[in-house]
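Results of the structural survey
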Amino acid sequence: MTRALHIGLLGAMPEEIGSDLSHLRQLSSSTHGDLTLHHGVWGDGIQLTLAWSGWGKVCAARAATRLLAAAPDLDLLIFTGVAGAANSDQNQWDILLADAVVQHDMDASPLFPRFTLPPLNRDRLEPEPDWFTWSVQALKSAAGNGELQGFGGVSSGLIATGDRFIGDASLRQELRDALPGLQAVEMEGGAVAQVAEQEGIPWLLIRVISDGADESAAQSFTDFVQVYEQQAWRLIEALLRRLNNP
Ligand code: ADE
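Bear in mind the structure is a predicted one, so any value in this text is a computation, not a measurement.

Using the criterion set out here, one finds nine salt bridges in the structure. For R62, the salt bridge is made with D34, and the minimal N-O distance between the two is 2.9 Å. Taken as a pair, R62 in helix α1 (residues 56–70) and D34 in the loop between β2 (25–32) and β3 (35–42) lie far apart in primary sequence, 28 residues in all. As a salt-bridge pair, R122 and E197 come within 3.3 Å of each other at their nearest N and O atoms. Within this pair, whereas R122 is found in the loop between β6 (95–103) and α2 (129–144), its partner E197 is found in helix α4 (residues 189–199), the two being separated by 75 residues in sequence. Take R122: its relative accessible area is 34%, and that puts it in the partly exposed class.

Structure representation (structure tokens):
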């Protein structure tokens, strides 16, 4: 018999996964300072370890490291939550899967080209192709089945991470100019991807657009996450359901 899959799930805020853990059975938790890791079983035995990391790259990297240490048998680490649109084709509620992630505030030039992560000697990190293809197909099939009503379209593209909330159209444009193909900005995914990459664990980054990364971003974000909290788990379940039946 094959071992049950063990999935790690991180979001910055409770609103980004849904703070209700009643979907899980056999719940247990461990506390590490101000971080709690929750473990439970979903569906036909999928093991889930999940946590709310807090905002920003340091919190995200710390939570990812703790989660990986607590779950040495982890098969996949998913970071999910909301993001600001960097491309006008992306609208509120659209689902975006990173086909690559870059840390827009990493700059060790002139020693390394701008954005390059020195330990990996690369700027863009890409998810493992099989997991990435599975996740795109899973969410497209869920959307096609009507399981994601209220969400927008499902697409994939470049996401940029940095320790800055982008609420300024000119800054958004600068990032777009520096990072061709940029679709969205957020504050954690690149850090989690880097930890997972350095630890040799497959990762996925899945975001839902909450705002336009412009002058109205703070208000849009605040309003959006209040509503999103009730919807976030549907996105996760759409994926988990297809782990049993890909
Ligand atoms: N997460 C959601 N919206 C964001 C924005 N505008 N900038 C950075 N992170 C975000």
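From this point, things continue past the structure.
Buried residues dominate β3, accounting for six of its eight residues. The pairing of β2 with β3 spans six bridges and is classified as antiparallel. Residue pairing across strands places S29 opposite H38, the latter belonging to β3. Taken together, β2 and the strand that follows it, β3, pair antiparallel across an intervening segment of two residues, in which G33 is found at a positive phi of about 60 degrees. Counting the residues in the hairpin turn of β3 and strand β4 (residues 46–52) gives three residues, including G43, whose phi is positive at 60 degrees.

Take the site of the ligand next. If you check the shell around the ligand, you find 13 residues, and the closest are G84, F165, I166, E186 and D211. Between the ligand and I166, the relevant distance is 2.8 Å, taken from a nitrogen atom to a main-chain nitrogen or oxygen of the residue. Contact between the ligand and D211: a nitrogen atom at 2.5 Å from a side-chain N or O atom of the residue. Here the ligand, which alone exposes 260 Å², has 96% of that area covered by the protein. By residue number, the principal contributor to the shell around the ligand is strand β5 (residues 76–85), which donates three residues. Each residue belonging to the shell around the ligand can be placed in one class, and the counts come to eight nonpolar, two polar and three charged.

The rules behind these values
Residues numbered from 1 in each chain as written. Predicted model: local features only at pLDDT ≥ 70, side-chain atom pairs only at ≥ 80, totals over all residues. Heavy atoms only, no water. Salt bridge = Lys/Arg side-chain N within 4 Å of Asp/Glu carboxyl O. Helix = DSSP H or I, 4+ residues; strand = E, 2+ residues; numbered from the N terminus. Buried < 20%, exposed > 50% of the residue type's maximum accessible area, 1.4 Å probe, protein only. Pairing = 2+ DSSP bridges. Near = heavy atom within 4 Å. Polar contact = N/O pair within 3.5 Å; in protein donor to acceptor, adjacent residues only side chain to side chain. Areas by Shrake-Rupley, 256 points an atom, 1.4 Å probe, with all protein chains shown as cover. Nonpolar A, V, L, I, M, F, W, Y, C, P; charged D, E, K, R; others polar.

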